[in-house]
Amino acid sequence: MTTKRLILVDGSSFLFRAYHALPPLTSPQGLAINAVYGVSNMLRKMLSDYPQDHFAVIFDAPGKTFRHDLYDQYKAHRPPMPDDLRCQIEPLHRLVRAMGLPLIVESGIEADDVLGCLAKKADQLGFEVIISTGDKDMAQLVNAHIMLENTMNNSRMDVQGVIDKFGVRPDQIIDYLALIGDAVDNIPGVPKVGPKTAAKWLEQYESLDNLIANADKITGKIGENLRASLEQLPLSKQLTTIKWDIDLPYAIDDLERKPADPTELKALLSEFGFTTWLKTLGSETAAPISEPETPPGKTDYETVLSEEHFERWFAKLDNAELFAFDTETTSLDYSKARIVGVSFAVEPGHAAYVPLAHDYPGAPEQLDKTRVLERLRPLLENPAKAKLGQNLKYDLHVLANEGIDLKGVAHDTMLESYVYNSTATKHNMDDLAKKYLGVDTIHFEDIAGKGAKQLSFDEIAIEEAGPYAAEDADITLRLHHKLRPLLAEHDALYRLYADIEVPLLSVLARIERNGVAVDTDMLAQQSMELASQIISLEHHAHDLAGHSFNLGSPKQIQEILYDRLQLPVLKKTPKGQPSTDESVLQELAADYPLPRLILEHRSLSKLKSTYTDKLPEQVDPNTGRIHTSYHQAVAATGRLSSSDPNLQNIPIRTEEGRKIRKAFIAPPGYKIVAADYSQIELRIMAHLSGDAGLLKAFSEGLDVHTATAAEVFGVAPEQVTHDLRRSAKAINFGLIYGMSSFGLAQQLGLTRGQAQSYIDLYFARYPGVKDYMDSIRALAREQGYVETLFGRRLYLPDINSRNAAQRQYAERTAINAPMQGTAADIIKRAMIATDRWLIEAREDAKMIMQVHDELVFEVAKDRLDHCMDRIRTLMNSAADLKVPLLVDVGVGDNWDEAH
DNA sequence: CGTCGGTCGTAC
DNA sequence: GACGTACGACCGACGT
């Protein structure tokens with residue numbers, strides 16, 4: 001069950017701020033409209049941030065209030081409201097009403113007091129309350145269930161936030177304000193007492209009353225000032241106290257958003273000249289509460305073959321606030337795919353397929369592909385027309401292949417499902433339809449067949465293709481109606497989805513499209529060299545074994561090592577077979593010659609088959625570059641993955657392997673720039689755990705592994721040997737992965753007892769880390785999921801399993817996921833910011849790869865200094881942690897040099 | 001001939 | 001069983 005939430009907007013405070021912050025815009029009739037514009041933008045943001053919640057917008061009413069009765073000088077020095085602001089109040093009220101928002105204007109009571117009353121009342125009724133305001137006086141209302149949010153600068157303040165900002169607790173804010181006074185409202189304070197002194201005094205004496213009682217203990221001139229103000233202070237306190245015991249005639253439960261009044265809203269928007277909003281009206285005024293569940297008993301799927309029919313659908317799309325959209329193509333490979341048809345849905349159960357390029361004997365005549373696409377272009381390229389899809393990144397590519405630049409990507413059901421629950425299902429449409437709609441969709445294989453005789457979509461009969469394709473669009477729309485409300489129940493998840501994942505989709509498409517240049521001749525050369533070394537190793541190994549065998553077959557190696565040569569079995573595979581993996585062969589190599597040869601063979605043939613042979617095959621003949629695919633809804637933690645080819649596991653650790661990176665090159669006139677976050681997961685661990693020692697190590701810019709070694713092994717940092725540092729590094733990484741003593745022992749070649757004593761030592765030196773690990777396990781058990789810093793969730797259904805192995809596995813994930821996932825959130829934010837900058841500044845530079853903690857760019861030589869600087873800055877500011885985010889930026893002619 | 005589980009190895 | 005997240009090559013059993 002979810003807590004109900006009330007959003008209170010301090011309309012008056014934002015009205016003033018918007019008026020002063022924005023240039024003097026005028027409506028078509030020439031009236032001032034800037035404040036209305038500013039406040040309404042803010043409201044729209046609030047609505048999209050909190051689509052599900054109770055809502056009220058509060059304004060001051062003209063006239064005197066009880067504060068004027070208390071103090072005739074109240075607000076006496078405030079200049080009268082400028083006419084061009086006053087005249088905006090009434091239009092703004094009309095706009096708020098037209099948007100369907102409860103509007104509250106109480107005469108004789110200031111907006112502050114109304115907000116206070118409503119907030120406290122809602123709190124008592126068990127609501128979470130968010131007050132959107134720019135007024136610092138409101139901080140006195142904050143408690144465990146009431147927080148402030150300043151929508152204009154995107155900041156939020158809870159109890160800790162108040163303490164951080166003002167240095168006093170929310171319950172001390174009134175005293176604090178009384179001491180400082182307020183020039184604008186003409187509230188006297190103590191002369192020469194500002195925020196610093198007020199906070200200091202309240203820290204020492206707790207309350208104003210106690211301070212007054214001890215006023216004679218304050219020395220100096222400032223003490224005199226205090227004593228001189230004693231009489232005045234109770235009044236100041238009364239004036240700054242928000243009254244929250246007034247009985248207002250509103251039931252909190254009634255403060256619900258109503259549907260916007262489209263007619264009135266449109267009229268107002270055109271009167272005000274808010275044309276951009278007017279155009280986007282559809283998606284913005286979508287029903288705020290979950291759309292009615294209308295599982296269509298029967299579906300109505302149309303196949304569009306005539307101009308008239310198409311025009312009818314075009315009009316539907318043009319008028320729709322949001323439409324679902326899907327392309328059918330010749331290939332799953334985005335770089336090769338050409339459009340065969342397009343499908344649309346506007347309302348559940350009703351969809352259309354427009355075949356454009358089916359090509360088989362007897363295929364009916366279809367609408368002209370070029371003409372249809374040209375007709376659709378203005379719709380598809382209009383950023384104000386909201387589109388919905390399933391894996392829209394693919395459609396983005398497909399349309400780009402046809403010369404269409406899709407804009408207005410509003411929603412993607414694949415990402416909705418992924419953010420809602422990354423592990424409950426795979427996020428393809430068939431599985432989603434089954435899980436969330438209980439619908440068995442037509443599968444591609446049902447109409448195309450499978451295996452070698454699988455048809456390309458253009459070869460599929462239109463009678464079969466139509467229902468399949470239309471269903472795709474329909475299901476996408478229905479999934480959206482189901483998933484978006486689910487997502488919106490948790491606003492952190494919704495923000496993650498809307499602010500990170502959806503914008504990222506287009507960024508990824510751009511990176512994929514950019515591709516990376518590869519020196520295929522260099523790779524071919526490397527393949528030849530590897531081939532000859534491999535052959536020589538094979539001969540050598542066959543001689544040693546006494547007969548020929550396949551060095552690439554673990555099974556054959558097993559027979560030779562353990563059956564024929566009778567070497568000791570050091571480890572078994574999960575299936576009970578004697579293992580021949582790297583660590584085993586490494587150990588055996590000390591006493592026998594053959595394992596060494598196998599190891600070398602393995603390493604070289606891996607490089608050859610996976611990289612030097614394969615990468616040249618993946619170069620796109622059209623661009624001469626490699627275009628990977630990034631997958632946004634695969635890794636449970638929030639990381640991306642990469643395939644075809646996987647550019648996130650190109651070797652770097654060995655000299656031989658690094659040669660492959662030398663083949664990732666910059667074209668003439670450009671350089672490769674690689675920027676990576678240094679130790680980001682450990683920094684996140686420092687942030688999340690708040691461990692003092694770890695925080696200190698990072699804030700002092702120490703080498704963290706050396707610092708850990710010095711702490712754990714009790715030596716001075718300069719006495720840390722290579723070996724000690726290596727051990728410390730293994731511990732640090734082990735911690736991130738939820739290590740056991742067994743794992744560490746194996747890693748470092750220790751006994752389990754020794755490893756355990758290292759771990760004990762570590763936790764003794766870094767107790768905050770120990771506490772964090774314990775509490776995250778407990779939290780996972782309690783709530784069944786863990787979260788990243790940005791609210792991404794990973795559910796852990798096995799965390800309370802009776803099966804020890806399953807449970808421990810879930811516990812390790814509980815420890816690892818917040819760190820790995822937070823790192824993923826951060827670099828995604830950096831990618832969005834960097835992409836935006838590259839586009840807006842029209843930089844001669846491209847983002848070309850992401851490798852979890854690293855971004856790789858291709859930058860024009862004469863822009864290097866500037867771009868490296870901006871990249872560093874943008875990556876740095878992607879998150880605000882308790883430790884600095886250090887970014888290493890390197891440059892070179894190839895990826896290897898750039899490190 | 002295609003699929004799939006098992007094993008191994010690459011990255012962060 | 002024992003250190004998290006991925007992708008993918010290769011082998012070899014098994015099914016068509």
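Just above, that's the structure.
Residues numbered from 1 in each chain as written. Chains lettered and ligands numbered in written order. Predicted model: local features only at pLDDT ≥ 70, side-chain atom pairs only at ≥ 80, totals over all residues. Heavy atoms only, no water.

Caption draft 1: Structural view of the pairing of strand β4 (residues 128–132). Counted residue by residue, β4 has four buried out of five residues, so it is predominantly covered. Note: strand β1 (residues 5–10) against β4, five bridges, orientation parallel. Bridge pairing in β4 places Val9 opposite Ser132. Relative to strand β5 (residues 146–150), β4 runs parallel, the two sharing four bridges. Bridging across to β5, Ile131 finds its partner in Leu148. (Buried < 20%, exposed > 50% of the residue type's maximum accessible area, 1.4 Å probe, protein only. Helix = DSSP H or I, 4+ residues; strand = E, 2+ residues; numbered from the N terminus. Pairing = 2+ DSSP bridges.)

Caption draft 2: View of the pairing of β1. Judged by how many residues are buried, β1 sits mostly within the fold: six of six residues are covered. Burial along β1 is two-sided: the residues Arg5, Ile7 and Val9 and Leu6, Leu8 and Asp10 are all buried. Note that β1 and strand β2 (residues 54–60) share five bridges and pair parallel. Note that in β2 the partner of Val9 across the bridge is Val57.

Caption draft 3: The protein's contact with DNA strand C, seen in detail. Around DNA strand C sit 34 residues, and of these Ser553, Tyr737, Ser740, Gln747 and Arg812 come closest. When atoms of DNA strand C within 4 Å of the protein are split into backbone and base, the sugar-phosphate part holds 68%. Here a phosphate oxygen of DNA strand C sits 3.0 Å away from a polar atom, N or O, in the main chain of Ala636. With respect to DNA strand C, the side chain of Arg639 contributes an N or O atom lying 3.2 Å from a base nitrogen. Elements that contribute at least two residues to the surface near DNA strand C include exactly α23 (554–564), α25 (594–612), β17 (641–643), α32 (741–748) and α35 (804–840). At six residues, α35 tops the list of elements feeding residues into the surface near DNA strand C. Of the residues contributing to the surface near DNA strand C, the split by class is seven nonpolar, 20 polar and seven charged. (Near = heavy atom within 4 Å. Polar contact = N/O pair within 3.5 Å; in protein donor to acceptor, adjacent residues only side chain to side chain. Nonpolar A, V, L, I, M, F, W, Y, C, P; charged D, E, K, R; others polar.)

Caption draft 4: Here's a closer look at the protein's contact with DNA strand B. The immediate surroundings of DNA strand B are formed by 21 residues, with Thr573, Thr580, Arg639, Ile652 and Arg653 found nearest. What you see for DNA strand B is that sugar and phosphate hold 81% of its atoms within 4 Å of the protein. Separating a phosphate oxygen of DNA strand B from a backbone N or O atom of Thr580 is a distance of 2.7 Å. At 2.8 Å from a phosphate oxygen of DNA strand B is found a main-chain nitrogen or oxygen belonging to Arg653. Considering each element in turn, the surface near DNA strand B owes the most residues, three residues, to α25.

Caption draft 5: Summary view of the sheet that holds strand β9 (residues 339–347). With respect to topology, six strands assemble into an open sheet ordered β7-β10-β9-β8-β11-β12, the strand pairing being mixed. Strands with a single pairing partner mark the edges of an open sheet, and in this sheet they are β7 (300–303) and β12 (409–412). Between one strand axis and the next, the sheet turns through 25° on average, direction left out of account. Direction of pairing for β7 relative to strand β10 (residues 350–355): parallel, over a ladder of four bridges. Looking at the pairing, Asp300 lines up with His350 of β10. Sitting on the sheet, helix α17 (residues 413–420) is in contact with β11 (386–389) and β12, with an inclination near 55° to β12. Along the sheet face, helix α20 (residues 462–488) touches β7, β8 (322–329), β9, β10, β11 and β12 and points at about 45° away from the line of β9. (Axes fitted to C-alpha atoms, helices over the stretch in contact; angles between N-to-C directions. Contact = heavy atoms within 4.5 Å.)

Caption draft 6: Molecular detail of empty space enclosed by the protein. Enumeration over the complete set of coordinates arrives at four cavities of 30 Å³ or more. Quantified by volume, the largest cavity comes out at close to 70 Å³. Looking at the largest cavity, the residues that line it are Gln526, Glu529, Leu530, Gln533, Leu607, Glu656, Lys659 and Ile660. Element by element, the count of residues in the lining of the largest cavity is highest for helix α22 (residues 520–545), at four residues. Residues that form the lining of the largest cavity fall into these classes: three nonpolar, two polar and three charged. Both domains that meet at the lining of the largest cavity, namely domain 3 (517–620) and domain 4 (637–682 + 785–899), each give it at least three residues. Of the pockets and cavities examined, the second largest cavity occupies roughly 50 Å³. Residue lining of the second largest cavity: Ala636, Thr637, Val786, Glu787, Thr788, Arg792, Arg793, Leu794, Ala817, Pro818 and Gly821, and that is the complete set. (1 Å grid on protein atoms, 1.4 Å probe; cavity = no way out; pocket = protein on both sides within 12 Å on 5 of 7 lines; lining within 4 Å. Points joined across faces, edges and corners; volume = space filled by probe spheres on them. Domains from an automatic or database assignment.)

Caption draft 7: Just the nonpolar core, in detail. With 168 residues, the main nonpolar core has Leu376, Phe664, Tyr677, Tyr762 and Met831 as its most contacted residues. Of all the elements, α35 adds the most residues to this core, at 13 residues. In contact with Met831, other than residues within four places in its own chain, are Leu504, Val507, Leu508, Ile511, Leu640, Met847, Gln850 and Leu855. (Core = buried A, V, L, I, M, F, W, Y, C linked by side-chain atoms within 4.5 Å.)

Caption draft 8: Spatial organisation of α17. Burial analysis of α17 places eight of its eight residues in the buried class, the great majority of the element. Taken together, the buried positions of α17 are occupied by Thr413, Met414, Leu415, Glu416, Ser417, Tyr418, Val419 and Tyr420. With a side-chain oxygen positioned 2.9 Å from the backbone nitrogen of Met414, the residue opening α17 is Asp412.

Caption draft 9: Geometry of the packing of aromatic side chains. Under the defined criterion, the tally for this structure stands at 17 aromatic pairs. A centroid spacing of 6.0 Å and a plane angle of 70° characterise the contact between Phe323 and Phe344, whose relative ring orientation is edge-to-face. In this pair, Phe323 is assigned in strand β8 and Phe344 in strand β9, connecting sequence segments 21 residues apart. Judged on exposure class, the residue Phe323 and its partner Phe344 are both buried. Ring-pair connections join several aromatic residues into one group, and the members of that group are Tyr353, Phe444, Phe457 and Tyr468. Residue placement shows Arg375 over the ring face of Phe314; its charged tip is 3.8 Å from the ring centre. The lysine or arginine in question, Arg793, covers the ring of Tyr785, its NZ or CZ lying 4.1 Å from the ring centre. (Phe/Tyr/Trp six-rings, centres within 6.5 Å; stacked < 30°, edge-to-face > 60°. Lys NZ or Arg CZ within 6 Å of the ring centre and 35° of its normal.)

Caption draft 10: A look at the pattern of salt bridges. If you walk through the whole model with that rule in mind, you get 40 salt bridges. The shortest N-O distance in the salt bridge between Asp333 and Lys336 comes to 3.3 Å. Residue Lys336 is classed as exposed on the basis of its relative accessible area, which comes to 58%. A salt bridge links Glu374 to Arg377; its shortest N-O distance comes to 2.9 Å. Of the two residues, Glu374 and Arg377 are both situated in helix α15 (residues 369–380); the distance of three residues between them amounts to about one turn of the helix. Residues joined by salt bridges that share partners form a network here, namely Glu501, Arg792, Asp825 and Lys828. (Salt bridge = Lys/Arg side-chain N within 4 Å of Asp/Glu carboxyl O.)

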